[in-house]
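A closer look at the structure
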Amino acid sequence: MPIVFEKDGFRFFFYSNEHRPIHVHVRHGDGEAVFEMEAGADLRESQNMKVSELSKAQRLARAHRAVIVEKWYEHHG
């Protein structure tokens, strides 16, 4: 499970067997969400995350979009 970055208790990562579209998983506490990165950082799904946590995770994903996409290609080709 390659970790892309961690910030403010949020861990952004990929699974090793990922598929397109480019997306990133994020965990915070007991919750997890997935953001699709090709269109900007659109929420695809979430479990056990509060609305405020999802908003913060989405802001972080958008702010680090270039890094996430770069790491995706490094790991998945």
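Residues numbered from 1 in each chain as written. Predicted model: local features only at pLDDT ≥ 70, side-chain atom pairs only at ≥ 80, totals over all residues. Heavy atoms only, no water.

**Topic: the overall build of the protein chain**
Rules: Secondary structure is summarised from DSSP: a helix means a run of H or I of at least four residues, a strand means a run of E of at least two, and numbering begins at the N terminus for each. Radius of gyration means the value over C-alpha atoms here, while the globule rule gives 2.2 Å times the residue count to the 0.38 power. Here a residue-residue contact requires only that any non-hydrogen atoms of the pair lie within 4.5 Å. Residue exposure ignores everything except the shown protein chains as possible cover, and the areas themselves are Shrake-Rupley values with a 1.4 Å probe.
When helices and strands are counted, the protein chain shows two helices and five strands. Its C-alpha atoms give the protein chain a radius of gyration of 11 Å, near enough to 11 Å, the size a compact globule of 77 residues would have. When its C-alpha atoms are laid out on the principal axes, the protein chain stretches across 35 × 25 × 20 Å. The long-range share in the protein chain, meaning contacts at least 24 apart out of those at least 6 apart in sequence, stands at 31%. Total accessible area on the protein chain is roughly 4,500 Å²; 46% of this is exposed by carbon and sulfur atoms.

**Details of the sheet that holds strand β3 (residues 23-28)**
Test applied: Here a strand pair is declared whenever DSSP counts at least two bridges between the two strands. What counts as an axis is a line fitted to C-alpha atoms, over the stretch in contact for a helix, and the angles between N-to-C directions run from 0 to 180 degrees.
The strand order β1-β2-β3-β4-β5 describes an open sheet built from five strands, whose pairing is antiparallel. Looking along the sheet, the strands with just one partner apiece sit at the ends: β1 (3-7) and β5 (42-47). Neighbouring strand axes in the sheet, compared pairwise and without regard to direction, differ in orientation by 20° on average. Two elements, β3 and strand β4 (residues 31-36), share six bridges in a ladder whose sense is antiparallel. Note that in β4 the partner of H28 across the bridge is G31. Taken strand by strand, helix α1 (residues 51-63) contacts β1, β2 (10-13), β3, β4 and β5, and its axis lies near 50° from that of β2. Here helix α2 (residues 65-76) sits on the sheet in contact with β1 and β3, set at roughly 155° to β1.

**Thoughts on the pattern of salt bridges**
Basically, it comes down to this: One speaks of a salt bridge when a side-chain nitrogen belonging to Lys or Arg is within 4 Å of a carboxyl oxygen belonging to Asp or Glu. Categorising residues by exposure relies on relative accessible area from a 1.4 Å probe, with only protein chains included: less than 20% of the type maximum marks a residue as buried, more than 50% marks it as exposed, and the intermediate range marks it as partly exposed.
Tallied over the entire structure, the rule returns seven salt bridges. The partner of D8 in a salt bridge is K56, with the nearest N and O atoms 2.9 Å apart. Highlighted residues: D8 in the loop between β1 and β2 and K56 in helix α1, separated in sequence by 48 residues. Given the relative accessible area of 46%, D8 is considered partly exposed. The residue R44 makes a salt bridge to E36 at a minimum N-O spacing of 3.6 Å.

**Regarding the pairing of β4**
In terms of residue burial, β4 counts as a mostly covered element, since five of its six residues are buried. Where β3 hands over to β4, the hairpin turn is made up of two residues, of which G29 adopts a positive phi near 60°. Examined bridge by bridge, β4 and β5 share five bridges and lie antiparallel to one another. Its bridge partner being in β5, V34 is matched across the sheet by E45. Linking β4 back to β5 in an antiparallel pair, the connection comprises five residues, with G40 at a positive phi of about 135°.

By themselves these figures say nothing about function.
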